[in-house]
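Commentary on secondary and tertiary structure
Read off the chains here:
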Amino acid sequence: MTPSRTADERERDEMTETSTPLQPKGTGVLIGSEGARHSRILGVGGYRPERVVPNSELVDRIDSSDQWIRERSGIISRRMAARDESVVDMAEHAAREALAMAGLEPSQVGAIIVATVTHLLTTPGAAPMLAERLGVQCPAFDISAACAGYCYGISLASDMVRGGSAQHVLVIGVEKLSDFTDYNDRGSAFIFGDGAGAAVVGPSDTPGIGPTVWGSDGSQWQAIRQREPFLDADGSPLSSPPVLTMAGQTVFRWAVWGMAPVARKAVDAAGITLDDLDAFLPHQANMRIIDAMIKQLKLPADIPVARDIAETANTSAASIPLATERMIRQNEVPRGGLALQIGFGAGLVYAAQVIVLP
Ligand SMILES: CC(C)(COP(=O)(O)OP(=O)(O)OC[C@H]1O[C@@H](n2cnc3c(N)ncnc32)[C@H](O)[C@@H]1OP(=O)(O)O)[C@@H](O)C(=O)NCCC(=O)NCCS
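I will try to describe carefully the structure that is included in this document. This is a predicted model, so every value here is computed, not measured.

So, on to the sheet that holds strand E8 (residues 213–216). Read from one edge to the other, the open sheet built from 4 strands follows the order E8-E13-E12-E11, with strand pairing classed as mixed. Sheet topology places E8 and strand E11 (279–282) at the edges, where each strand pairs with a single neighbour. Averaged over all pairs of adjacent strands, the angle between their axes in this sheet comes to 10°, without regard to strand direction. One ladder, built from 4 bridges, connects E11 with strand E12 (residues 338–345); its direction is parallel. Directly across from Leu281, in E12, lies its bridge partner Gln341. Packing against the sheet, helix H5 (residues 149–163) makes contact with E8, E12 and strand E13 (349–356), and its axis sits at approximately 55° to E13. This element, helix H9 (residues 319–329), spans E11 and E12 of the sheet and lies at about 150° to E11.

Time to look at the nonpolar core. Of all hydrophobic cores here, the largest spans 54 residues; its most connected members are Leu277, Phe280, Leu299, Leu340, Ile342 and Phe344. Contributing elements (two or more residues each) for this core: strand E10 (244–246), helix H6 (248–269), helix H7 (287–297), helix H8 (309–312), E12 and E13. With 10 residues, the single largest contributor to this core is H6. Non-local contacts of Phe280, meaning those with residues more than four positions away in its chain, are made with Met293, Ile294, Leu297, Leu299, Ile303, Pro304, Val305, Ala306, Leu340 and Ile342. Counting 35 residues, the second largest nonpolar core, distinct from the first, contains Ala115, Cys151, Ala317 and Met327.

This structure, assessed with the given rule, holds 14 salt bridges. Between Arg48 and Asp308 there is a salt bridge, and its shortest N-O distance comes to 3.2 Å. In this pair, Arg48 sits in the loop between strand E1 (38–47) and strand E2 (51–54) while Asp308 sits in the loop between H7 and H8, placing the two residues 260 residues apart along the sequence. Overall, Arg48 belongs to the buried group, its relative accessible area being 17%. A salt bridge links Arg162 to Asp159, with the nearest nitrogen and oxygen atoms 2.8 Å apart. Remark: Asp159 and Arg162 occur in helix H5; sequence separation between them is 3 residues, near one turn of the helix. Residue class for Asp159 comes out partly exposed when judged on its relative accessible area of 40%.

A few words on H6. Under the 1.5 Å per step criterion, the end-to-end length of H6 is 31 Å for 22 residues, consistent within 8% with the ideal 32 Å. A maximum bend of about 35° is found in H6 at Met259, where proline Pro261 lies one to four positions downstream. By the burial criterion, the buried members of H6 are Val251, Trp254, Ala255, Val256, Met259, Ala260, Val262, Ala263, Ala266 and Val267. The elements touched by buried residues of H6 are E8, strand E9 (224–226), E10, H7, E12 and E13.

Moving on: the site of the ligand. In the vicinity of the ligand lie 21 residues, with Ser64, Arg72, Gly248, Gln249 and Asn286 positioned nearest. The side chain of Arg72 places a nitrogen or oxygen atom 2.5 Å from an oxygen atom of the ligand. The separation between a nitrogen atom of the ligand and a polar main-chain atom of Arg186 is 3.0 Å. Considered on its own, the ligand offers 950 Å² of accessible surface; in the complex 71% of this is hidden by protein. Going through the elements one at a time, helix H2 (66–73), H6, H7 and E12 are the ones with two or more residues in the shell around the ligand. When residues in the shell around the ligand are grouped by element, the largest group, 4 residues, is from H6.

Procedures and definitions
- Residues numbered from 1 in each chain as written.
- Predicted model: local features only at pLDDT ≥ 70, side-chain atom pairs only at ≥ 80, totals over all residues.
- Heavy atoms only, no water.
- Pairing = 2+ DSSP bridges.
- Helix = DSSP H or I, 4+ residues; strand = E, 2+ residues; numbered from the N terminus.
- Axes fitted to C-alpha atoms, helices over the stretch in contact; angles between N-to-C directions.
- Contact = heavy atoms within 4.5 Å.
- Core = buried A, V, L, I, M, F, W, Y, C linked by side-chain atoms within 4.5 Å.
- Buried < 20%, exposed > 50% of the residue type's maximum accessible area, 1.4 Å probe, protein only.
- Salt bridge = Lys/Arg side-chain N within 4 Å of Asp/Glu carboxyl O.
- Expected span 1.5 Å × (residues − 1).
- Bend = angle between axes of the 7 residues up to and from the residue.
- Near = heavy atom within 4 Å.
- Polar contact = N/O pair within 3.5 Å; in protein donor to acceptor, adjacent residues only side chain to side chain.
- Areas by Shrake-Rupley, 256 points an atom, 1.4 Å probe, with all protein chains shown as cover.

See below:
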C-alpha cells in the first residue's frame, strides 16, 4: 500500500510545479576516480582468545550434554575473550597478522572496514579505534551484516580497490559474542564463540576476487536477533543486558535449502566450476549445516572444507577468516588456489564469492 503524502511532501511538490529550475554553471569537469584493474586478498590473520571453554562448562545451566552439543552442532569447544578484552583488542591482533602475511606496514593501509555486531558502543565504530591503534588516520567504518559481515566487507573492499577509493583495505570480522549470549538459553548458549579474523585486500594484475552474490530476506528478521531493543516501548532502558536469540530450526532450514544455490551462483559468476575449487570456506554456523550444504552442492569429495567450528564454535563475522587462516597455516589448502566462501546470518543476509587464496 502506498503511504499517504505528508504536508512536507505536498509543499515540496507544489514548489517544484511552480518554480523555474535552476541551471548549473557547467564550467567545471570532474576527474573520475580510477583504481586497480583487479583486486585480491594479500594476507589473512586470526586471533583466538586464550581461554578454551569445553561443552562441559556450559551444559549444566541448559540441561544439555557434551554429546548432544557435538551431535547437533559439531562444536567441541569455543574460545572466550577475557572480561577486559574488547573487539578492538582482538581485531588489532588479527589485523597485524594479516598485514604481516601481506608484507605491508600499517602505514600502507588506505581504509579499514570492521564487520561486527558485538562492539559495545553503537558509536563511535570499532574501526576508527582500531585505526588509532595501528597509528593510521585512514577512512574507517563498521558494517553490521552479522555472520555475512566478512564477505560483505570483502566485496566492499574489492570495489574500493578497483574504484580507486583506497589501495589497500583492511577487512576485519570480529565478535565478542560472549557479551551477548544468554548462558541459560538452551537454543543458543552453546553455539557462539569469540575471535577475530582479518584480510588485506589490495591491487592485482589478475582477478583475485570473483563477483559477489549477495542479498537479504528481511521478512525473516526475527529469526536471529537481539532479544529486545535497547529501549522498551515507553522509552525506558532495558532491565537486562541485550542478548541474542535464535529460532534454530528456521535458521537451519533457511541455511540448508537457501544457501547452496547462492554458493553455486557465486561459482558460476566467477566463470569456474566446482571441480576447479581448492577449498570450500562456509560460515561456521553448525557442522550439520556445512555437511548439508556440501551434499546440496554436490561438492567433489576431494575439496578441503573448513571445519573450524569444532574448536572455535560460531564466531559470526570472524568465522570465515579464522577458518581460512587456520587452513593456510596448517597447509590444508594451496596458496594461490581458488576458494568459495559464503557467509549468512541475522538479517537474514548472505554473501558469497570465489577468491584466490593468499
Ligand atoms: C540450535 C540447533 C543446534 C538445535 O538443534 P535442533 O535439532 O533444531 O533442536 P530442536 O530445537 O529441534 O530440539 C530437538 C530436541 O532437542 C532438545 N534440545 C534443544 N536444545 C537442547 C540443548 N541445548 N541440549 C539438549 N537438548 C536440547 C529439545 O528439547 C528437543 O527435544 P524433544 O525432541 O524431546 O522435544 C539447530 O537448530 C541449529 O543449529 N540451528 C541453526 C543455528 C545456527 O546455525 N545459527 C547461526 C546461524 S548464523
